[in-house]
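# Examining the three-dimensional arrangement
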Amino acid sequence: YVPMGIDGGQLVKQFLSEVIPAPVRINGNLPALSQYIVAEDNENHLSMLEKILAATNGRLRVLGSGEIEIRPMATEITVRFDPLSNDSIEPQLKAVNDWYSCPNVVRAVMDDTSAVARDDSLNSPLSTVNRGREVWVEERDCDLAQNETLAEYAQRRLKEEQRHYLAVDYDRRFYPEILPSDLVQLEYPKQRISGNFYVVEQSIELGYGAKTSEEVVQI
């Protein structure tokens, strides 16, 4: 188990250093754990790391040098792509809208307490209003961040679950500063793609130009 009150970044660094030879460094502050995290059956270092990072709103970046960086979730855009000022994306963009599985209501349960977060916004295509129905997700294994209430956790999880509403695949020119978990901005109005996106998957073709294939999800 992982005790409450321990610094999240130092804990992740310790876990990684026990199982890999790569250098690990912390870039930015992750909050201390606000509750215990207990390992389940068949738990391993990676699955425990995922729980710790989720509870502290952190992420891992594997740099080109092989070094692993621990830092908070991205809040600023790394690069903006658009047809006018930075047309680095090949013409074929594949966008997938996942209407069916994205929830608009999240219920978080901890001990004898529960909290419900709802998306009832007129401006949200996933809301209960615009879809005409409720799509529920219930979580009982809640990893609260430091000083986070259960209601705030439910609202955060609703936003995280709705990130996968729009996924976009494309090929682009190589940018060394963009890595998985970073934020990019896409503005392609003809394809109805506009907004900020998390990079969830990336592969680089080693050759002339280092063609990069990427999958991103909207936030």
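Quick summary incoming for the structure in this document. Since this is a predicted model, take the numbers as computed values, not measurements.

Cut-offs and rules
Residues numbered from 1 in each chain as written. Predicted model: local features only at pLDDT ≥ 70, side-chain atom pairs only at ≥ 80, totals over all residues. Heavy atoms only, no water. Helix = DSSP H or I, 4+ residues; strand = E, 2+ residues; numbered from the N terminus. Rg over C-alpha atoms; globule rule 2.2 N^0.38 Å. Buried < 20%, exposed > 50% of the residue type's maximum accessible area, 1.4 Å probe, protein only. Areas by Shrake-Rupley, 256 points an atom, 1.4 Å probe, with all protein chains shown as cover. Salt bridge = Lys/Arg side-chain N within 4 Å of Asp/Glu carboxyl O. Polar contact = N/O pair within 3.5 Å; in protein donor to acceptor, adjacent residues only side chain to side chain. Contact = heavy atoms within 4.5 Å. Pairing = 2+ DSSP bridges. Axes fitted to C-alpha atoms, helices over the stretch in contact; angles between N-to-C directions. Disulfide = S-S within 2.5 Å.

## Section: the overall build of the chain
Within the chain, the secondary structure is distributed over 4 helices and 12 strands. For the chain, whose C-alpha radius of gyration is 19 Å, the value lies close to the compact-globule estimate of 17 Å for 219 residues. Taken over the C-alpha atoms alone, the chain extends approximately 50 × 50 × 30 Å along its principal axes. Relative to its full complement of 219 residues, the chain shows a buried share of 44%. When the accessible surface of the chain is summed, it comes to about 12400 Å², and 49% of that surface belongs to carbon and sulfur atoms.

## Focus: the pattern of salt bridges
The final tally for this structure, using the stated rule, is 20 salt bridges. Of the charged contacts in the structure, one is a salt bridge between Glu 148 and Arg 156, with a shortest N-O distance of 2.8 Å. The pair formed by Glu 148 and Arg 156 is uniform in burial state, with each residue classed as buried. Through salt bridges with shared partners, a single ionic network connects Arg 25, Arg 59, Arg 61, Glu 67, Glu 69, Arg 71 and Asp 182.

## Notes on the side chain of Glu 139
In this structure, Glu 139 sits in strand β8 (residues 136–139). We classify Glu 139 as buried; its relative accessible area is 14%. Within the local environment of Glu 139, its side chain forms a polar contact with the side chain of Tyr 153, the two groups lying 2.6 Å apart. Among residues more than four places away in sequence, those in contact with Glu 139 are Arg 107, Ala 108, Val 109, Tyr 153, Arg 157 and Glu 161.

## Comments concerning the sheet that holds strand β2 (residues 58–62)
One key point about sheets: their strands pair by backbone hydrogen bonds, in either a parallel or an antiparallel sense. Reading across from one edge, β1-β3-β2 is the order of the 3 strands in this open sheet, with mixed pairing throughout. With one partner strand each, in any of the chains shown, β1 (24–26) and β2 form the two edges of the open sheet. Averaged over all pairs of adjacent strands, the angle between strand axes in this sheet comes to 25 degrees, irrespective of strand direction. Relative to strand β3 (residues 68–72), β1 is paired through 3 bridges, and the arrangement is parallel. Paired with Ile 26 across the strands is Ile 70, a residue of β3. Lying on the sheet, helix α1 (residues 8–17) is in contact with β1, β2 and β3; it crosses β1 at an angle near 180 degrees.

## Observations concerning the state of the cysteines
The final tally for this structure, using the stated rule, is 0 disulfides. A disulfide-free cysteine, Cys 102 has its sulfur positioned 19 Å from the sulfur of Cys 142, the nearest such atom. With a relative accessible area of 2%, Cys 102 lands in the buried category.

Taken by themselves, the reported measurements are silent on function.
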